[in-house]
Amino acid sequence: MTNPKVQTISINGIRHYKHPNIKGLNAPSVTSIVGMLPAPYLPKWNSKVTAEAAVNNIGDINHMITYESKTKAIEWLKASAERELHKAADTGTRVHEAVEQIILDPGYKYDDDLIPYIDGFHKFVEKFEPEWIHVEKSVFSVTHVYAGSFDAICKINNKNILLDFKTTRSGISAKVALQLAAYKNADVMFDGDKEIEIPRIDAGAALLLRPDKWSYQPLRIDDDIFATFLALRRTFEWESRQSKTAMLA
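Residues numbered from 1 in each chain as written. Predicted model: local features only at pLDDT ≥ 70, side-chain atom pairs only at ≥ 80, totals over all residues. Heavy atoms only, no water.

There is about 200 Å³ of room inside the second largest pocket. Lining the second largest pocket are 14 residues; nearest its centre among them are N12, I14, H16, F236 and S240. Secondary structure elements with two or more residues in the lining of the second largest pocket: β2 (14-18), β3 (26-28) and α8 (223-240). Considering every element that reaches the lining of the second largest pocket, the biggest residue donor is α8, with five residues. Residue classes in the lining of the second largest pocket are distributed as six nonpolar, four polar and four charged. (1 Å grid on protein atoms, 1.4 Å probe; cavity = no way out; pocket = protein on both sides within 12 Å on 5 of 7 lines; lining within 4 Å. Points joined across faces, edges and corners; volume = space filled by probe spheres on them. Helix = DSSP H or I, 4+ residues; strand = E, 2+ residues; numbered from the N terminus. Nonpolar A, V, L, I, M, F, W, Y, C, P; charged D, E, K, R; others polar.)

This part is about the packing of helix α3 (residues 58-67) against helix α4 (residues 70-78). For any two helices packed against each other, the geometry is given by the interaxial angle and the distance between the axes. Their axes nearest at 7 Å, the elements α3 and α4 cross at an angle of 145°. Side by side, α3 and α4 meet where I61, M64 and I65 of the first sit next to K70, K72, A73, W76 and L77 of the second. (Axes fitted to C-alpha atoms, helices over the stretch in contact; angles between N-to-C directions. Contact = heavy atoms within 4.5 Å.)

Once that is clear, we can look at the sheet that holds strand β1 (residues 8-11). Ordered in space as β1-β2-β3, the three strands form an open sheet in which the pairing is antiparallel. The sheet terminates laterally at β1 and β3, the two strands that pair on one side only. Neighbour-to-neighbour, the strand axes of the sheet open up by a mean angle of 40°, direction not taken into account. Note that β1 and β2 share four bridges and pair antiparallel. Residue I11 lies in a different strand from β2, and its bridge partner there is I14. (Pairing = 2+ DSSP bridges.)

Right under this line is the structure:
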């Protein structure tokens, strides 16, 4: 990435940010905290992806069962959803990186397979004429102990917009409002290791970039939304620490 982000580490399989200037202060990522919300659609999606993998690869699966083992075939099918998630995440990362580079250098050359996604970004720019203020910066809340990285802050119609880029097939989720509210209310922003002030944020929005469409979705990021995020922060604390000490000997 062009703008160095705050270093991250994995603690019990969960991404945490290391505060550059406060030794020993590690904070869970905003996305990990928002992940405390239930996702009732996931079991159905997992079943769908697994079933599609079985139907679309029936020959290979039969070969595994006949010449290798049923266990290998079962394990391959069980990993179907994870493979799809990794594939989507890789595409999303590449689109984010390309958009960031284009903002910094309009002549940036990106891979041809990203053209349908980037065309949507150009249409957004043409329609809304954003003035880019910050791109891909990390923020940290010492007050509430969380951290994360936002995609961009831009000015549209004289309002500073905290903007999140999304490439998910399912579209823009209301959960993005929780992410943006957390970024808005962080204590400090970093340019590398240098602390800089977070500018005034007037509103939040998400920009969906898909191969066949794009859309711009304004989002609430007011105090009420932030209060919900802080409640999830407490839930995260329960799951990661308190639940392990709640039962007394």
